[in-house]
Amino acid sequence: MANVSMNATIQAPAAEVWKTLSDFNGLPKIVAAIVKSTMEGFGVGAVRTLTLGDGARIVEQLESLDEEAQRLTYSIVDSPLPLENYLATVQVRDLGGNQCEVVWSSTFEPKGAPEAEAKKIVEGVYSLGFEGLKKMYGG
């Protein structure tokens, strides 16, 4: 099992950042590589289909949503990415002083590619998410 965990400090109140991240259909707002998101269902169990700029699609399911802890967990149901059994958690932690930390972590099994390559792809997605949040909120 491979692990990836990254974090970033965002210059905005945790509640605002959580509102953005907890919108399970809102990933195109912060990840530039995603051009469209459609969703079936609502809340835990909802399934979103993310369309990338090259037309590739990633299907993900919301596994848990904890408003109090400002944490959600999702899995990848179908994807062209070289990984399987992907389970990720995104959490927003209040740092006070109008800033927060976003922690994005996952476990998965590489499939059809070396572990280092699969990790690099996941890290790239998380980096794009952090860049998008910083663009939206600053720092």
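Please refer to the structure placed before this passage.
In this text the structure is predicted, and so the values were computed from the model without any measurement. (Residues numbered from 1 in each chain as written. Predicted model: local features only at pLDDT ≥ 70, side-chain atom pairs only at ≥ 80, totals over all residues. Heavy atoms only, no water.)

The next point concerns the side chain of Ser75. You can see Ser75 is positioned in strand β5 (residues 71–78). By relative accessible area, which is 11% here, Ser75 ends up buried. Within the structure, the side chain of Ser75 is placed 2.6 Å from the side chain of Glu63, a separation counted as a polar contact. If near-sequence neighbours (up to four positions away) are discounted, Ser75 is found in contact with Val59, Glu60, Gln61, Glu63, Tyr86 and Leu87. (Helix = DSSP H or I, 4+ residues; strand = E, 2+ residues; numbered from the N terminus. Buried < 20%, exposed > 50% of the residue type's maximum accessible area, 1.4 Å probe, protein only. Polar contact = N/O pair within 3.5 Å; in protein donor to acceptor, adjacent residues only side chain to side chain. Contact = heavy atoms within 4.5 Å.)

With that settled, the discussion passes to the packing of aromatic side chains. For the coordinates displayed, the defined rule picks out four aromatic pairs. Ring plane angle 45 degrees and centroid distance 5.9 Å describe the contact between Tyr74 and Tyr86, whose orientation is recorded as tilted. Of this pair, Tyr74 sits in strand β5 while Tyr86 sits in strand β6 (residues 83–96), and the two are 12 residues apart along the sequence. Note on Tyr74: relative accessible area 3%, which makes it buried. With a centroid separation of 6.2 Å and 80 degrees between ring planes, the pair formed by Trp104 and Phe130 is classed as edge-to-face. Here Trp104 is found in strand β7 (residues 99–110), whereas its partner Phe130 is found in helix α2 (residues 115–137), with 26 residues between them in sequence. By way of ring pairs, the aromatic residues Tyr74, Tyr86 and Phe108 are connected into one cluster. The ring of Phe24 has Arg48 sitting right over it, with the charged end atom 3.9 Å from the ring centre. (Phe/Tyr/Trp six-rings, centres within 6.5 Å; stacked < 30°, edge-to-face > 60°. Lys NZ or Arg CZ within 6 Å of the ring centre and 35° of its normal.)

What follows covers the packing of helix α1 (residues 14–21) against α2. At a minimum axis distance of 12 Å, the contact between α1 and α2 shows a crossing angle of 125 degrees. What the angle tells us is that α1 and α2 run oblique. For the pair α1 and α2, the crossing hand works out as right-handed. Only Leu133, Met136 and Tyr137 of α2 make contact with α1, whose side of the interface consists of Glu16, Val17, Thr20 and Leu21. Its residues assigned to classes, the contact of α1 with α2 shows five nonpolar, one polar and one charged. (Axes fitted to C-alpha atoms, helices over the stretch in contact; angles between N-to-C directions. Parallel < 35°, antiparallel > 145°, perpendicular 65-115°, else oblique. Left-handed = near helix turned anticlockwise from the far one by under 90°. Nonpolar A, V, L, I, M, F, W, Y, C, P; charged D, E, K, R; others polar.)

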